[in-house]
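Residue strings, one per chain:
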Amino acid sequence: MITMWKRTRIQTIPVRAPSRHYPVFVGHGLLHRSGELLQRVWPHCRHLFVVSSARVWSLWGSAFAAGLRRRGIDAELLLMDDREEKKSLATVQKLAHALLQRGADRTALLAALGGGVVGDVTGFLAASFMRGVDYVQIPTTLVAQADSAIGGKTGVNLGEGKNLLGAFYQPGAVLVDPQILTTLPAREFTAGLYEVIKYAIIADTTLFSFLERQLAAVKQRQPAALHYALRQCIRLKAHVVARDEREQNLRRNLNFGHTFAHALEALTHYRRLRHGEAVGWGMIAATHLAERLRRIRPADARRILSLVSAAGRLPVLPRLPAERILTQLYADKKKRGEALFFVLPCGIGRVEVTADIPRTALLSTLRSLSDVSSLR
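Calculation rules
Note that residues are indexed from 1 along each chain, following the sequence as it is written. At least 70 in pLDDT is required for a residue's local features to be given in this predicted model, at least 80 for side-chain atom pairs to be given and counted, and no such filter applies to totals for whole chains, interfaces and linings, which use all residues. Calculated side-chain values reflect all of the structure's heavy atoms, with hydrogen atoms and water omitted. Comment: elements are numbered from the N terminus, with helices defined as DSSP H or I runs of at least four residues and strands as E runs of at least two. Expected span of a helix: the number of residues minus one, times 1.5 Å. Type-normalised accessible area, obtained with a 1.4 Å probe on protein chains alone, sets the label of each residue: buried when under 20%, exposed when over 50%, and partly exposed for intermediate values. Note on contacts: a residue pair is in contact if any heavy atoms of the two residues lie within 4.5 Å. Across the chain, each position has a pLDDT score giving the predictor's confidence in that residue, from 0 to 100. Note on terminology: a nonpolar core comprises buried Ala, Val, Leu, Ile, Met, Phe, Trp, Tyr and Cys residues joined through side-chain atoms within 4.5 Å. To obtain each axis, a line is fitted to C-alpha atoms, and for helices this fit is confined to the stretch in contact; angles are then taken between N-to-C directions over 0 to 180 degrees. Each crossing is labelled by how the near helix is turned from the far one, with a counterclockwise turn of less than a right angle marking it left-handed and a clockwise turn marking it right-handed. For this classification, the nonpolar set comprises Ala, Val, Leu, Ile, Met, Phe, Trp, Tyr, Cys and Pro, the charged set comprises Asp, Glu, Lys and Arg, and every other residue, Gly included, is treated as polar.

Asks: Outline helix α10 (residues 275–292), listing residues and values.
Replies: Helix length check: α10 (18 residues) gives 25 Å between terminal C-alpha atoms against 26 Å at 1.5 Å per residue, within 8%. When you tally the buried positions in α10, you get 14 out of 18 residues, the bulk of the element. Directly after α10, the chain includes R294, whose backbone phi takes a positive value near 60°.

This is the structure in structure tokens:
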């Protein structure tokens, strides 16, 4: 499944979070240079505990391991189920036991080779094991490469909601190889596009215009278009994390679409929707809500909804009563006291965080979401 590789230039995008500065390496084929890149950060690295899924390892494990061997680094593999419903404390505990059985101590270095579930679980494991060990993120999905692998958000789900247990814990490095996306299933790739579109809506008019013109090229995974979109998302994420690491202010903008998304994921038991698909529906809901409240011009709302729609066909939502979705919304971890915050678009490249949302407007928006879904 692995295509021929040739050495290409690797870009380094710095993340200057208050708690830690680290590089995001971006380049086609850099997985084959994994050992070299890791030793730029950890010069004495000779051993790595790799957390991955069976599918990802079967596709990319040999290339990754070969890149490590070139620099004399041994890898020990810890496999996990990377379905969203397995993003749990039980999985973290199982992996921690495996580390202990293999002699891991406070000097252990972990690697997350996988998508967002593997990255979140491994990051939380690294934050917790022996009160904190180093780790590297090697994202293998578009969602993870553009967003979740960067910024140090780690965590697992509870039955009551998504990511309710977790920690802000920055990696020592992130390795982003777009070549890995060549084996990503079409549905997973499309799900990732919604996170890319999210960045354009909240902060980057240039990226938004680029996606309006070149979305087909990105969907076809053409290297130049894909690299540009990824670099823009990573730079935006790095900028936000540097200014607001722990989501007290600016970083809350990154939750555009996510308040609705997390409710939909929980109500469908993390099985019906990919995370990116839930975010797609969440952005539609937030845009309809903003338009209902007259926070955005209708022309800008149409451009947003058109771009989200152009990414792909979202799964039809189950018939969920609006009141039930509203109840689930108030289980969101971003709620503060009785106030539930929403990120709403107020133009292309601009959003606002607000808790001043009338219940009637929310219920009307949620009911209209079901109508929109039935038309797809």
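Asks: Explain the environment of M283 to me, and be specific about the residues and the numbers.
Replies: The residue M283 is located in helix α10 in this model. As for M283 and R303, which are separated by 20 residues in sequence, their C-alpha atoms are 12 Å apart. Aside from chain neighbours lying at most four places away, what touches M283 is Y194, I197, K198, I201, F256, G257 and V308.

Asks: Account for the confidence of the model for the protein, with residues named and values stated.
Replies: Taken over all residues, the pLDDT of the protein has a mean of 93, while the share at 70 or more is 95%. Low pLDDT, under 50, characterises residues 1–5; the stretch is placed with 15 contacts to residues that sit more than four places away or in other chains.

Asks: Break down the nonpolar core for me, with residues and values.
Replies: By size, the foremost hydrophobic cluster in this structure holds 69 residues, and its most contacted members are L142, L211, F260 and L329. Apart from the residues lying within four places of it in its own chain, the contact partners of F260 are G282, A285, A286, L289, L329, F342, L362 and L366. A63, L109, A111 and A173 belong to the second-largest nonpolar core, a separate cluster that totals 25 residues.

Asks: Requested: an account of the packing of helix α7 (residues 205–219) against helix α8 (residues 223–243), with residues and values cited.
Replies: Across the interface, α7 lies against α8 with an axial gap of 10 Å and an inter-helix angle of 145°. Of the two elements, α7 crosses α8, and the hand of that crossing is left-handed. From α7, T206, L207, F210, A217 and V218 reach across to α8, where they touch A225, L226, Y228, A229, Q232 and C233. Here the residues of the contact of α7 with α8 are counted per class, giving nine nonpolar, two polar and no charged.

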